[in-house]
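# Chains, contacts and geometry: an overview
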Amino acid sequence: ESIYDPACGTGGMLIECIDHLKEVGEDFRTLKLYGQEKNLTSSSIARMNMFLHGVEDFQIARGDTLRSPAFFNADGLMTYDCVIANPPFSLKEWGGDVWVNDPHGRNIAGVPPSGNGDMAWVQHMIKSTRPKTGRMVVVLPYGALFRKGAEGTIRKALLEMDLLEAVIGLGPNIFYGTQLAACVMVFRSRKLKKHQKKVLFIDASDQIRVGRAQNFLEKEHIDLIYQ
């Protein structure tokens with residue numbers, strides 16, 4: 001399958017996908033990995049990371065994903081089986097002027113506010129997800145669930161499209177670079193019939209272990225969270 005991270009940084013989440021397949025005894029060499037990263041140094045490290053972990057089929061592009069996505073096919077934006085990202089939270093000056101008439105058709109649910117790009121990442125990722133087999137997971141700040149205005153309108157439109165499958169609330173200080181509490185939003189292009197017109201909400205904020213510099217989601221609780 002193909003996996004795409006539009007805000008891949010140094011490639012950490014893509015490497016985690018490889019590690020997961022190793023843990024469950026699958027052959028990671030069948031994966032096709034794609035990533036885009038704006039920062040030159042981070043994108044270079046991501047490519048090194050792929051080589052160091054024995055990945056042969058990958059493409060890491062440097063560039064501004066929201067303004068200039070890098071991967072295309074004959075029908076427009078390339079689509080993938082799995083799309084994952086932990087994009088920069090509440091990104092300002094993300095390119096709202098371009099999205100009013102986005103040439104790639106990513107404003108499927110509306111144009112996010114110019115001072116906050118959270119819902120731009122969500123819509124770009126949805127547009128990059130394969131219509132039948134696609135699954136998508138994005139890490140966002142809690143505010144993405146509650147802010148009103150344009151973001152509220154976008155959330156409503158996404159719910160009406162019945163793409164959102166689950167929302168997992170996490171505690172603070174779990175992700176590097178921010179102490180904010182975060183949430184995980186899970187989307188699926190085609191839900192199982194029993195999940196259609198439903199959204200699973202999970203509060204995992206009490207499943208964290210407080211660490212000295214950073215908190216951790218307890219591994220032994222993960223199975224309980226997803227049951």
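What comes next is a walk through the structure. (Residues numbered from 1 in each chain as written. Predicted model: local features only at pLDDT ≥ 70, side-chain atom pairs only at ≥ 80, totals over all residues. Heavy atoms only, no water.)

## Some remarks on the overall build of the protein chain
The secondary structure content of the protein chain amounts to six helices and twelve strands. Buried residues in the protein chain amount to 48% of all 227 residues. For the protein chain, restricting intrachain contacts to residue pairs at least 6 apart in sequence, the fraction spanning at least 24 positions comes to 69%. Of the roughly 12300 Å² of accessible surface on the protein chain, 55% is carried by carbon and sulfur atoms. (Helix = DSSP H or I, 4+ residues; strand = E, 2+ residues; numbered from the N terminus. Buried < 20%, exposed > 50% of the residue type's maximum accessible area, 1.4 Å probe, protein only. Contact = heavy atoms within 4.5 Å. Areas by Shrake-Rupley, 256 points an atom, 1.4 Å probe, with all protein chains shown as cover.)

## Details of the pairing of strand 8 (residues 164-169)
Remember that side chains alternate between the two faces of the sheet whenever the strand is regular. With six of six residues buried, strand 8 lies mostly within the body of the structure. Bridge count for strand 8 against strand 9 (residues 182-188) is five bridges, and the pairing is antiparallel. When the bridges of strand 9 are listed, Val167 appears paired with Met185. In this sheet, strand 10 (residues 200-203) lies alongside strand 8 in parallel orientation, the contact comprising four bridges. Note on strand 10: the bridge partner recorded for Gly169 is Asp203. (Pairing = 2+ DSSP bridges.)

## Observations concerning the pattern of salt bridges
This model, assessed by the stated rule, comprises eleven salt bridges. Asp81 serves as the salt-bridge partner of Arg130, at 3.1 Å between the closest nitrogen and oxygen. A residue pair is termed long-range when its members are at least 10 positions apart, and Arg130 in the loop between helix 4 (118-127) and strand 7 (135-141) and Asp81 in the loop between strand 5 (76-77) and strand 6 (82-85) qualify at 49 residues. With a shortest N-O distance of 3.0 Å, Arg188 and Glu165 are connected by a salt bridge. With Arg188 in strand 9 and Glu165 in strand 8, this residue pair connects regions lying 23 residues apart in the sequence. When its relative accessible area of 30% is taken as the criterion, Arg188 is described as partly exposed. According to the relative accessible area criterion, Glu165 is buried, its value standing at 13%. One network of salt bridges, with partners in common, ties together Lys38, Asp64 and Arg67. (Salt bridge = Lys/Arg side-chain N within 4 Å of Asp/Glu carboxyl O.)

## So, the environment of Ile168
Here Ile168 is to be found in strand 8. Through-space distance from the C-alpha of Ile168 to that of Cys183 is 5.5 Å; in sequence the pair is 15 residues apart.

## Regarding the layout of surface pockets
By volume, the second largest pocket amounts to about 200 Å³. Residue lining of the second largest pocket: 16 residues in total, with Lys38, Asp64, Pro88, Leu91 and Trp121 positioned closest to the centre. Among the residues forming the lining of the second largest pocket, the class breakdown is seven nonpolar, three polar and six charged. (1 Å grid on protein atoms, 1.4 Å probe; cavity = no way out; pocket = protein on both sides within 12 Å on 5 of 7 lines; lining within 4 Å. Points joined across faces, edges and corners; volume = space filled by probe spheres on them. Nonpolar A, V, L, I, M, F, W, Y, C, P; charged D, E, K, R; others polar.)

## What to know about the side chain of Ser2
Relative to the helices and strands, Ser2 is located in strand 1 (residues 2-5). Excluding residues that lie within four positions of it along the chain, Ser2 makes contacts with Lys32, Tyr34, Thr79, Tyr80, Asp81, Cys82 and Arg130.

## Thoughts on the nonpolar core
Within the largest apolar cluster, 27 residues are counted, with the highest numbers of intra-cluster contacts made by Val122, Met136, Val138, Met185 and Phe187. For this core, the secondary-structure elements that each account for two or more residues are strand 6, helix 4, strand 7, helix 5 (150-160), strand 8 and strand 9. If one sorts the elements of this core by residue count, helix 4 sits on top with four residues. Ranked by size, the runner-up nonpolar core spans 17 residues in total, among them Leu21, Val55, Phe58 and Cys82. (Core = buried A, V, L, I, M, F, W, Y, C linked by side-chain atoms within 4.5 Å.)

## Describing the pairing of strand 3 (residues 58-62)
For strand 2 (residues 32-37) and strand 3, the ladder comprises five bridges, and the chain directions are parallel. Bridge assignment links Gly35 to a residue of strand 3, and that residue is Ile60. One crossover worth recording links strand 2 to the parallel strand 3 by way of helix 2 (residues 40-52), and it is right-handed. (Right-handed = clockwise from strand over helix to strand, strands pointing away.)

## A short note on the state of the cysteines
In this structure the tally under the stated criterion is zero disulfides. Its sulfur unpaired, Cys17 is 7.0 Å from the next cysteine sulfur, which belongs to Cys82. (Disulfide = S-S within 2.5 Å.)

In short, geometric facts, not functional conclusions.
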